[in-house]
Amino acid sequence: MARKPHILVTAGPTRQQIDQVRDWGNIFTGQTGLDLALAFLEIGDVTLLTSNPQHAEKYHWHDGKGGGMLGVETFRSHEELRDLLMKRMMVMREEDRVDVVAMTAAVADYRPEGTYRIVEKKPAPQEARREVWVVEDVSAEKVKSNFEEIAVRGVRTEKLVDLFRGTWGFKGILIKFKLEVGISEAELVKVASASRTASGADLMVANTLAMARPKEGEAGGGAAYRIDECGAGRVGRKELAARVVEWVRGRQ
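Residues numbered from 1 in each chain as written. Predicted model: local features only at pLDDT ≥ 70, side-chain atom pairs only at ≥ 80, totals over all residues. Heavy atoms only, no water.

Comments concerning the packing of helix α1 (residues 31-40) against helix α6 (residues 240-251)
- Following both chains from N to C, one finds α1 and α6 inclined at 45 degrees, their axes separated by 9 Å at the closest point. Of the possible angle classes, the one that applies to α1 and α6 is oblique. In this structure, α1 meets α6 at a crossing whose hand is right-handed. Mapping the contact onto sequence places Thr32, Asp35, Leu36, Ala39 and Phe40 in α1 and Leu240, Ala241, Val244, Val245 and Val248 in α6.
- Its residues assigned to classes, the contact of α1 with α6 shows eight nonpolar, one polar and one charged. (Axes fitted to C-alpha atoms, helices over the stretch in contact; angles between N-to-C directions. Helix = DSSP H or I, 4+ residues; strand = E, 2+ residues; numbered from the N terminus. Parallel < 35°, antiparallel > 145°, perpendicular 65-115°, else oblique. Left-handed = near helix turned anticlockwise from the far one by under 90°. Contact = heavy atoms within 4.5 Å. Nonpolar A, V, L, I, M, F, W, Y, C, P; charged D, E, K, R; others polar.)

Some remarks on α6
- Look at α6: 17 Å from first C-alpha to last across 12 residues, which is about the 16 Å you get at 1.5 Å a residue.
- Of all the positions in α6, only Leu240, Ala241, Val244, Val245, Trp247 and Val248 are classed as buried. Buried residues of α6 fall within an arc of 155 degrees about the axis and therefore sit on the same side. Looking at α6, the residues exposed on the side facing more than 90 degrees away from the buried face are Ala242 and Gly250.
- The secondary structure elements touched by the buried residues of α6 are α1, β7 (100-103), β11 (173-180), β12 (203-208), β13 (223-228) and β14 (231-236). (Expected span 1.5 Å × (residues − 1). Buried < 20%, exposed > 50% of the residue type's maximum accessible area, 1.4 Å probe, protein only. Arc of directions from axis to C-beta.)

Details of unusual backbone geometry
- Backbone geometry at Gln126 places phi at a positive 55 degrees, although glycine is not the residue there.
- Structurally, the position occupied by Gln126 is in the loop between β8 (110-123) and β9 (131-137).
- One non-glycine residue, Arg129, lies in positive phi territory at about 65 degrees.
- As for its placement among the helices and strands, Arg129 is situated in the loop between β8 and β9.
- Classification of Arg129 by relative accessible area gives exposed; the value is 89%.

With respect to the side chain of His6
- The residue His6 is located in strand β1 (residues 6-11) in this model.
- Classification of His6 as buried rests on a relative accessible area of 15%.
- Reaching out from His6, the side chain makes a polar contact with the side chain of Thr47 at a distance of 2.9 Å.
- Discounting residues that sit within four places of it in the chain, His6 has contacts with Asp45, Thr47, Asp96, Arg97, Val98, Asp99 and Val100. (Polar contact = N/O pair within 3.5 Å; in protein donor to acceptor, adjacent residues only side chain to side chain.)

Here's the deal with a nonpolar patch on the surface
- A surface patch of nonpolar side chains, about 330 Å² in accessible area, is lined by Ile27, Phe28, Leu179 and Val181.
- For Ile27, the position within the fold is in the loop between β3 (23-24) and α1. (Patch = residues over 30% accessible without salt bridge, like charges linked within 9 Å, V, L, I, M, F, W, Y side chains within 5 Å. Areas by Shrake-Rupley, 256 points an atom, 1.4 Å probe, with all protein chains shown as cover. Salt bridge = Lys/Arg side-chain N within 4 Å of Asp/Glu carboxyl O.)

Overview of the pattern of salt bridges
- This structure, assessed with the given rule, holds 21 salt bridges.
- A salt bridge links Asp35 to Arg237; the nearest nitrogen and oxygen atoms lie 3.1 Å apart. Here the residue Asp35 occupies a position in helix α1, and Arg237 occupies one in the loop between β14 and α6, the gap between them amounting to 202 residues.
- Using a relative accessible area of 26% as the deciding quantity, one classes Arg237 as partly exposed.
- It is possible to trace a salt-bridge network through shared partners that takes in Arg15, Asp23 and Arg76.

Below you can see the structure in the form of structure tokens.
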């Protein structure tokens, strides 16, 4: 009997600790990743890595209508997600090999690396939009709340989607997701197409925040672009998961 494809989907935001009681993250919930994971059950078995505990609890083990099985594991931080991905990319047994990766997770671009009290701020000489700050390191297990102003230093994180083709040598289908803010749809397609190529992704799903969260009463309920080597097509939010699965099915 032919082996079922194994699809790996990541979903939800990463959260990075500022101190022992505070963190930072983003506004996304992981619903797109969950929708995609459930849709992929039509063609194979799915592993969903999610930071949404409600999704993990409800769909821990789930049989799909198409016969596929969904297994769910959770992560919180960028580092935890990286470890889970590496574990699956490093498998040796053929039956455990991942065939398709869909990176829908909203991964933090920066991690907190120190908290500072702002002692003084003054304009930089002859430098528009720049200031010179004097700061005091107040990093602690719980940063005190009596400072008038603080700054949290962010250090850029590793781009996880870029590890698949290089570090991990992944040869399967790679689907990348991208969100932009404050640009036109034409600019989005241009930027996302270049990003797809740079990461070695086979398919890019891209939208702007305005497309992802249309204003109340606005027709369409959200949309995204599905971009591959043949071009770009606009897809409604409700049809997105099915259209991505359809695209993958055509590559099998």
